Amino acid sequence: YFKASIDTYGKSLSGILAIRKLNADTLKVSFFTEMGVSFFDVIVTHNSYQLVRCISQLNSKGIMNTIVEDIRWVVLFNLGQLSNPVTVKTGNSASTVRFNYQDVFIFTQLSKDNQPLLLTYVYGSKFKSKFDVKYATFKNSIPNKIFVSHYNIDLNIDLTAISFTH
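Residues numbered from 1 in each chain as written. Predicted model: local features only at pLDDT ≥ 70, side-chain atom pairs only at ≥ 80, totals over all residues. Heavy atoms only, no water.

**Description of the nonpolar core**
Here comes step 1: With 32 residues, the main nonpolar core has L17, V29, F40, W73, V133, I146 and L159 as its most contacted residues.
Here comes step 2: Among the elements that take part in this core, helix α1 (residues 61-76) stands out by supplying six residues, more than any other.
Here comes step 3: In this view, V133 contacts W73, V74, L117, L118, L119, I146, F147 and V148; residues no more than four positions away in its chain are not counted. (Core = buried A, V, L, I, M, F, W, Y, C linked by side-chain atoms within 4.5 Å. Buried < 20%, exposed > 50% of the residue type's maximum accessible area, 1.4 Å probe, protein only. Helix = DSSP H or I, 4+ residues; strand = E, 2+ residues; numbered from the N terminus. Contact = heavy atoms within 4.5 Å.)

**Describing the environment of V29**
Here comes step 1: In this fold, V29 is placed in strand β3 (residues 26-32).
Here comes step 2: Separated by 22 residues in the primary sequence, V29 and L51 have C-alpha atoms spaced 9.8 Å apart.

**A word on the pattern of salt bridges**
Here comes step 1: One pass over the structure, following the stated rule, counts four salt bridges.
Here comes step 2: For D41, the salt bridge goes to R53, with nearest N and O atoms at 2.6 Å. Separated by 12 residues along the polypeptide, D41 in strand β4 (residues 38-44) and R53 in strand β5 (residues 49-54) bring together distant segments of the chain.
Here comes step 3: Note on R53: relative accessible area 47%, which makes it partly exposed.
Here comes step 4: For D158, the salt bridge goes to K145, with nearest N and O atoms at 3.4 Å. Of this pair, D158 sits in strand β12 (residues 155-161) while K145 is found in strand β11 (residues 142-150), placing the two residues 13 residues apart along the sequence. (Salt bridge = Lys/Arg side-chain N within 4 Å of Asp/Glu carboxyl O.)

**Section: the side chain of D41**
Here comes step 1: Judged by relative accessible area, D41 falls into the buried class, the value being 6%.
Here comes step 2: At a separation of 2.5 Å, a polar atom in the side chain of D41 contacts the side chain of S30.
Here comes step 3: Ignoring anything within four residues of it in the chain, the contact list for D41 reads V29, S30, Q50, L51, V52 and R53. (Polar contact = N/O pair within 3.5 Å; in protein donor to acceptor, adjacent residues only side chain to side chain.)

**Thoughts on the packing of aromatic side chains**
Here comes step 1: Taken as a whole and assessed by the stated rule, the structure comprises three aromatic pairs.
Here comes step 2: On the basis of an interplanar angle of 40 degrees and a centroid distance of 4.8 Å, the ring pair of F31 and F39 is categorised as tilted.
Here comes step 3: The class of F31 is buried, set by a relative accessible area of 0%.
Here comes step 4: Under the relative-accessibility criterion, F39 is labelled buried at 9%.
Here comes step 5: Where Y121 meets F131, the ring centres are 5.0 Å apart and the plane angle is 15 degrees; that geometry is what we call stacked. With Y121 in strand β9 (residues 116-123) and F131 in strand β10 (residues 128-139), this pair connects stretches of sequence that are 10 residues apart. In this structure, Y121 and F131 share a single accessibility class: buried.
Here comes step 6: Put simply, the rings of F31, F39 and F40 touch in pairs and so form one group of aromatic residues.
Here comes step 7: Here R98 stacks its cationic end above the ring of F105, 4.4 Å away from the centre of that ring. (Phe/Tyr/Trp six-rings, centres within 6.5 Å; stacked < 30°, edge-to-face > 60°. Lys NZ or Arg CZ within 6 Å of the ring centre and 35° of its normal.)

In short, geometric facts, not functional conclusions.
Following this line, the structure appears as structure tokens:
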């Protein structure tokens, strides 16, 4: 579970993003207000999604494609999916590695213990950045804060893990 905020073009939605793994590569993702009103429910796999329910303000193919792609990168992504690593820069606290992913490049800033700190999705011959996924803190190899920022559209997603204690 994450406390989520989606900001785009001066509009903002905030609530709870619940993610449940149905099997190895399928997720059920629900975004709803803290009062329980649903924004959307979607079944997500690595290469497709099925919209179960969605409010009219979000129910456009472009919006949902972008949100689902962001969810994929945050939740289903793992470094094992990337190929041909090339170290671009090495630093004291982190190194930057370029990977191939399908027809694009992913620039990944990795911590000393190989945790991803920043992913940048880059496409085209001129290396145009599409979006960044920034992982702010980790607890037991699970990110507590995640920020997704887009370059070509005004869309930012802020996720903070919710911990349930007894």
